[in-house]
Amino acid sequence: MTLGISRIVMIYTVFASLWILLSDKIVVWLFSDPAQIILASTLKGWLFVIVTSLLLYRLLGRQQREIRRQVEALLRQKHDRSQRHLDMVQTFMLELDFQGKITMINRKGCELLGYREDELVGRLWFTACLPQPQGMEEIYPVFQQIINGDLRGVVYFENPVVCRNGSQRLIAWHNTGYSDDKGRIISTLSSGEDISERKRLGEELDHHRHHLEDLVEKRTTELAEARERAESANLAKSAFLANMSHEILTPMNAILGLTHLLQRDSHDSRQQEKLAKITIAADQLLTIINDIFDFSTIEAGRLQLDSTDFSLDALFKHVHSLIAEQAGSKGISIKVDTDNVPAWLQGDATRISQALLNYATNAVKFTEHGSIALRARLLEEKDNEVHVRFEVQDSGIGIAVEQLPHLFQPFAQADISTTRRHSGTGLGLAITSRLAQMMGGETGVESEPGLGSTFWFTARLRRGQEILIPPEQARHELLGHIPNLEPTLCLSNLRGNIALYVKLLRQFTLSHSNDAARITELLSSGDFQASRDVAHGLKGVAATMGASRVRDLAAQLETAFREEQPASETAPLLKALALEQTLLNEAILALPEDAGQGLPNVAGAKDGAGATKTDSPEIAQADPVRLQEVLSELEGLLRENNGRASLLIRDTAPLLRPAMGARFNELSHQIEAFNFEAALKILHTVNNEGPLSQ
């Protein structure tokens, strides 16, 4: 531009200089008259102005056209560059002037609408590309608000656009106004995104979600109904099993009762051997039936927990005594640890003992050597409530990790192979789990193959009130002279009734004083099985009464008879047993008739024999469910050689006497004599013969 102006100035200067020099000479040459010279000079001046004006106009016009061409080229280049940039943007870009006409649209917008750019630029957007009447009635007023400045910032809205082929696409717009130097909004710039597919998918998802919600609600209802039907069916099954267990026990009791009668009357050694095998098999089957009965009773919701005060130490000693013989035969030591748990608790001692015994018998079964620990741990104590953890730890074979989650399920066993070494129904742990839940606790196991296992359960109990047992000094004065007598456990089971304990000691003496001689007589006829039965019964009664030395000798004899050891091995044991019984009997019979009458006893209304009256005959005869519960509890106590059987039969005499008839006195006599094995067989026989079998 500077070079053009310089050329114009140079041309003008050259032209002016030549004009002045040449025009003056020509005028002087042509005219001599001064007047003519003056006129010619004037005309020469005007002619100079006209010629130079035309020359300047021509030169400046050419320069202006060149400048315009260059500016237009620059603007076009800039526009092309901007358009290329816009065409690279993958969103719909649109610019409208203040009238709403299209001034710019990028390639993405053209492709979406199906037009070329030159077909859209200059057209009114709201009528050319929007559906009517929505375009003019709804969208155009929003555009005017932006132009007028009523809507500031970025304005978002969604509206459909009409493509060349007539289809519509939904666009999400972000709009803003563009101002000139004076701040007036002269155009709008919009960025749009095609959300048609997203909208469609969203609507489909909403539809599917609503459909899924309806489907889930329907399935949930169906599952709830199916679960309710399954639970009803399960309860019906459990109720059926609970009811049928009594019917199943009837022929079982007949087998045991008749086998007992045959064993009593038969003197054939071969026949006795076969009858002994029948008894063992029947006892195993009865154990299975009892497990099923307990489990089904719990599942049917028929099991009711008792709440009585009991000694934790006595409970552990009782469990210890039941597994001591089998553990001792395998060389397994047993440790007991009650930690800081209160000595007296309130709860269902029978069920706690059952759960703990399930663990303990399994520990003995799966442990070949080492030790077993019976423990109780105080987890929490609040006010008068205690949360106790009972556990049994063994050094046995252990259990694989993948088998642990299934152990407490009904009928589940760690070893399910047909060649497994250890038998069982797989119900013991399930029963323990249900009992723990009923007592507000839970069960668990920690185990590692080869390192042993720790099975535990928790129970929420209450602090118990100590049952009044005679003061140590008075009790020692009364019983201290009796050799090898440990009365604590039995007195605990008898609720501290020392008078009843003395009476039972006398009955024990009268019933079992000749057991050593009877065993000798049976051995002389070669009847090891009968000898073993007598030793087994004596062991259980002596353990219950606290006659520790008699218990140990009887246990050794039972093992010897089971192994059919020669007379040289059993004769010294029999001699020691006879001597021990003689000393014990003499000391017991030396007690005065009213021994223990003046010592403190448990508070409560008692009958003449010391039993609490809890039932009336009228109620007893009208409550068959209670009758079945009592019979089951009595059978369990007899199997455990538990002295509480004596209290139970006294407490429930009004219930049992009408149902058992004359057999009640026979059963009561055997229990009072602590001849639990004979009492158990009578109970089995009575179930088959009397009204209980109906």
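Quick notes on the rules
Residues numbered from 1 in each chain as written. Predicted model: local features only at pLDDT ≥ 70, side-chain atom pairs only at ≥ 80, totals over all residues. Heavy atoms only, no water. Patch = residues over 30% accessible without salt bridge, like charges linked within 9 Å, V, L, I, M, F, W, Y side chains within 5 Å. Areas by Shrake-Rupley, 256 points an atom, 1.4 Å probe, with all protein chains shown as cover. Salt bridge = Lys/Arg side-chain N within 4 Å of Asp/Glu carboxyl O. Helix = DSSP H or I, 4+ residues; strand = E, 2+ residues; numbered from the N terminus. Pairing = 2+ DSSP bridges. Axes fitted to C-alpha atoms, helices over the stretch in contact; angles between N-to-C directions. Core = buried A, V, L, I, M, F, W, Y, C linked by side-chain atoms within 4.5 Å. Buried < 20%, exposed > 50% of the residue type's maximum accessible area, 1.4 Å probe, protein only. Parallel < 35°, antiparallel > 145°, perpendicular 65-115°, else oblique. Left-handed = near helix turned anticlockwise from the far one by under 90°. Contact = heavy atoms within 4.5 Å. Expected span 1.5 Å × (residues − 1). Phe/Tyr/Trp six-rings, centres within 6.5 Å; stacked < 30°, edge-to-face > 60°.

Q: Even after reading the chapter, I still don't get a nonpolar patch on the surface, so can you show me in this structure?
A: Together, Met10, Ile11, Val14, Leu18, Leu21, Leu22, Ile26, Trp29, Leu30 and Phe31 line one region of the surface with nonpolar side chains, adding up to about 1,000 Å² of accessible area. Its location among the elements puts leucine 30 in helix H1 (residues 2-30).

Q: Where do I start with the sheet that holds strand S5 (residues 185-194) in this structure?
A: Sheet strands line up and pair through hydrogen bonds in the backbone, either parallel or antiparallel. The five strands lie next to each other as S2-S1-S5-S4-S3, forming an open sheet whose pairing is antiparallel. Pairing within the sheet leaves two strands with one partner each, and these edge strands are strand S2 (102-105) and strand S3 (155-162). Pairwise comparison of adjacent strand axes, ignoring direction, gives a mean angle of 30° for this sheet. Pairing of S3 with strand S4 (residues 168-179) involves eight bridges; the strand directions are antiparallel. Counted as the bridge partner of phenylalanine 157 is tryptophan 173 from S4.

Q: Mind showing me how you'd approach the nonpolar core here?
A: Nonpolar side chains in soluble globular proteins tend to end up buried together. Phe390 and Phe457 are the most contacted members of the largest nonpolar core, which totals 46 residues. Ranked by size, the runner-up nonpolar core spans 38 residues in total, among them Leu479, Ile498, Ile519 and Ala542.

Q: Would you take a moment to explain the packing of helix H20 (residues 624-639) against helix H21 (residues 644-651) for this structure?
A: When two helices pack together, their arrangement is given by the angle between the helix axes and by the axis-to-axis distance. The contact between H20 and H21 brings their axes to 9 Å, and the two run at 155°. Considered as vectors, H20 and H21 are oriented roughly antiparallel to each other. For the element pair H20 and H21, the recorded crossing hand is left-handed. Judged by residue contacts, Val630, Glu633, Leu634, Leu637 and Leu638 of H20 engage Arg644, Ala645 and Leu648 from H21.

Q: Looking at this structure, how should I read helix H16 (residues 528-545)?
A: Helical geometry: 3.6 residues make up each α-helical turn, so side chains three or four residues apart lie on a common side. Here H16 contains 18 residues, and its C-alpha end-to-end distance of 26 Å stays within 8% of the 26 Å for a straight helix at 1.5 Å per residue. One or two residues past the end of H16 sits glycine 546, with phi positive at roughly 95°.

Q: Teacher, can you tell me more about the packing of aromatic side chains here?
A: Two measures describe an aromatic ring pair: the distance that separates the ring centres and the angle between the ring planes. Here the structure, examined in full by the defined rule, presents eleven aromatic pairs. Ring geometry for tyrosine 359 and phenylalanine 455: centres 5.5 Å apart, planes at 40°, overall tilted. Placement of the pair is tyrosine 359 in helix H10 (residues 349-365) and phenylalanine 455 in strand S12 (residues 452-463), with a sequence separation of 96 residues. For phenylalanine 455, a relative accessible area of 11% gives the class buried. The rings of Phe316, Tyr359, Phe390, Phe408, Phe455 and Phe457 are connected pair by pair, giving a single aromatic cluster.

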